[in-house]
Amino acid sequence: MASAPQARLEAQVPAISPITVANTTPQTMEPKAKARVTEAFEDVVYGSIAGVVGKYIEYPFDTVKVRLQSQPDHLPLKYTGPLDCFRQSIRADGVLGLYRGISAPLVGAAIENGSLFLWERVGRELIYMSGFTPRHENLSLSALWLTGAFSGAFTSFVLTPIELVKCKIQVPETEAGVVKTQLKPLAVIKEVYRHEGLRGFWHGQLGTLIREAGGCAAWFGSKETTSKLLRDWNQIRWAAHMTPVELEKKLADPLPLWQQAVAGASAGMSYNFLFFPADTVKSRMQTSPIGAAAGQKKTFGMEARALWNQAGIKGFYRGCGVTVLRSAPSSAFIFMVYDGLKKHFPVQ
């Protein structure tokens, strides 16, 4: 039995409520959960806006690329190169003809870039959750290349139907070379569904998967690698005339605008060049006729063999130069717009 002084002492010490202890954990975790949701929202919205800006810049070049890639393997080549394709296209349809079918790609660019930045963030979270990298540390460059591949693989399933509609509008000829009436996205969607069902929208999925998984590893990886090299270069330049405190503060700021552009341009060029052959085969698959004129649908391997027999390795790189050229400013703007929106318009 406790003595009277001891009882008085115990009465003065407040009891710890188990309910109070249990409630502290959710309260401390809630801001972190909200921050992750907010960041995911920014990835989708700002990535979509950046994608639309980039698409307006690159679309005429993309039209030329698809027309060069999709020339039939059993007929003489219609275009001798990118400049000839530009010339013939403008002569036939005017400059606006190079923007034929842009409505579907604009939607696609918004979805694609929003999806890419979102899934890349999910990939980072998975690496942190796995314990491969402590959460307080920045991911290594190899891990960032991996998150890029993860992002591209998931995005490819969203992108294939959109690209199929885009390709069929951009190349309005049948295999016999007969010019068709200008197609609209809704008309193409109805035609594909009527003849091939839902499965028809994923014709060329393997090519998109190879291009996006490999290409996005290069896209995010090259951007981060180039950014790191530029930060290291800045540190060497600035260290000579700055105090350690000033240098640390300066390095914490975003890269100068022109360096962001260089990093973004390197990302776009790497993405488009490294896996261009897979994109060529995909474009040929997705511009094949629909319905009675289609005949047997070629698989990825069948289309690749036919192209090899027709033109050898050069055939897989038709339109590569113009594609890499347009990807530099396009990707530079995508990353600059995305990073700028996140910096100047953070979602509270």
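Since this is a predicted model, take the numbers as computed values, not measurements. (Residues numbered from 1 in each chain as written. Predicted model: local features only at pLDDT ≥ 70, side-chain atom pairs only at ≥ 80, totals over all residues. Heavy atoms only, no water.)

(A) Main features of the overall build of the chain. Across its full length, the chain carries 12 helices and 0 strands. Ordering the α and β elements of the chain from the N terminus gives α-α-α-α-α-α-α-α-α-α-α-α. Taking all 348 residues of the chain together, the buried fraction comes to 44%. For the chain, restricting intrachain contacts to residue pairs at least 6 apart in sequence, the fraction spanning at least 24 positions comes to 79%. Of the accessible surface of the chain, which amounts to about 18,800 Å², a share of 67% is contributed by carbon and sulfur atoms. (Helix = DSSP H or I, 4+ residues; strand = E, 2+ residues; numbered from the N terminus. Buried < 20%, exposed > 50% of the residue type's maximum accessible area, 1.4 Å probe, protein only. Contact = heavy atoms within 4.5 Å. Areas by Shrake-Rupley, 256 points an atom, 1.4 Å probe, with all protein chains shown as cover.)

(B) View of the nonpolar core. With 13 residues, the main nonpolar core has Leu116, Phe117, Trp219, Phe220, Ile334, Phe335 and Tyr338 as its most contacted residues. Of all the elements in the fold, those that place two or more residues in this core are helix H2 (18-69), helix H4 (103-130), helix H7 (205-239), helix H9 (257-274) and helix H12 (320-344). Of all the elements, H12 adds the most residues to this core, at 4 residues. (Core = buried A, V, L, I, M, F, W, Y, C linked by side-chain atoms within 4.5 Å.)

(C) Structural context of the side chain of arginine 318. Note that arginine 318 resides in the loop between helix H11 (300-311) and H12. In this structure arginine 318 comes out as buried when scored by relative accessible area, which is 12%. Excluding residues that lie within four positions of it along the chain, arginine 318 makes contacts with Leu68, Gln69, Gln71, Leu77, Phe276, Thr280, Arg284, Leu307, Gln310 and Ala311.

(D) Fine view of the packing of aromatic side chains. Tallying each qualifying case throughout the model produces 16 aromatic pairs. Measuring from centroid to centroid gives 5.7 Å for phenylalanine 117 and phenylalanine 220, while their planes differ by 85°, and the two rings are edge-to-face. Taken together, the positions of phenylalanine 117 in helix H4 and phenylalanine 220 in helix H7 put the pair 103 residues apart, joining distant regions of the chain. Owing to a relative accessible area of 4%, phenylalanine 117 belongs among the buried residues under this scheme. Pairing tryptophan 308 with phenylalanine 316 gives two aromatic rings, centres 6.4 Å apart and planes at 45°, and the pair type is tilted. Classification of phenylalanine 316 by relative accessible area gives buried; the value is 10%. Of the aromatic side chains, those joined through ring pairs into one cluster are Phe117, Trp219, Phe220, Phe335 and Tyr338. Taking NZ or CZ as reference, arginine 237 lies 4.1 Å from the ring centre of tryptophan 233, over its face. In this structure, lysine 250 packs its charged tip against the face of tryptophan 238, placed 5.3 Å from the ring centre. (Phe/Tyr/Trp six-rings, centres within 6.5 Å; stacked < 30°, edge-to-face > 60°. Lys NZ or Arg CZ within 6 Å of the ring centre and 35° of its normal.)

(E) Main features of the side chain of glutamate 120. Relative to the elements of secondary structure, glutamate 120 occurs in helix H4. If sequence neighbours within four positions are ignored, glutamate 120 has contacts with Leu144, Thr147, Ser151 and Phe220.

(F) Here's a closer look at the packing of H4 against helix H5 (residues 141-170). One way to put it is that H4 packs onto H5 with a least axis distance of 8 Å and a crossing angle of 155°. Overall, the two elements H4 and H5 adopt an arrangement that is roughly antiparallel. Where H4 crosses over H5, the two elements pack in a sense that is right-handed. Of the residues assigned to the contact of H4 with H5, the class counts are 17 nonpolar, 7 polar and 4 charged. (Axes fitted to C-alpha atoms, helices over the stretch in contact; angles between N-to-C directions. Parallel < 35°, antiparallel > 145°, perpendicular 65-115°, else oblique. Left-handed = near helix turned anticlockwise from the far one by under 90°. Nonpolar A, V, L, I, M, F, W, Y, C, P; charged D, E, K, R; others polar.)

(G) Structural detail: a nonpolar patch on the surface. Side chains of Phe41, Val44, Val45, Ile49, Val53 and Phe333 sit close together on the surface and give an oily, nonpolar patch of about 450 Å² of accessible area. A total of 5 residues in the nonpolar patch trace back to one element, the largest contributor, which is H2. Given a relative accessible area of 33%, valine 44 falls into the partly exposed group. (Patch = residues over 30% accessible without salt bridge, like charges linked within 9 Å, V, L, I, M, F, W, Y side chains within 5 Å. Salt bridge = Lys/Arg side-chain N within 4 Å of Asp/Glu carboxyl O.)

(H) Here's a closer look at helix H6 (residues 185-196). With 12 residues, H6 extends 16 Å between its outermost C-alpha atoms, agreeing within 8% with the 16 Å of an ideal straight helix rising 1.5 Å per residue. Downstream of H6 by one or two residues, glycine 197 has phi in the positive range, about 70°. (Expected span 1.5 Å × (residues − 1).)

(I) Up close: the pattern of salt bridges. Summed over the entire model, instances satisfying the criterion amount to 24 salt bridges. A salt bridge links glutamate 196 to lysine 297; the nearest nitrogen and oxygen atoms lie 3.2 Å apart. Of this pair, glutamate 196 sits in helix H6 while lysine 297 sits in the loop between helix H10 (276-286) and H11, placing them 101 residues apart in sequence. The exposure class of glutamate 196 is partly exposed, given its relative accessible area of 25%.

(J) Inspection of H12 at higher detail. The end-to-end C-alpha distance of H12, which contains 25 residues, comes to 36 Å, matching closely the 36 Å that a straight helix rising 1.5 Å per residue would cover. Taken as a whole, H12 carries its principal kink of about 30° at serine 327; the proline proline 329 stands between one and four residues after it. (Bend = angle between axes of the 7 residues up to and from the residue.)

(K) Main features of the confidence of the model for the chain. Of the residues in the chain, 85% have a pLDDT of 70 or more, and the chain-wide mean is 84. Predicted confidence is poor over residues 7-29, with pLDDT under 50, and the contacts of this stretch with residues over four places away or in other chains come to 1 contact. (pLDDT = per-residue confidence, 0-100.)

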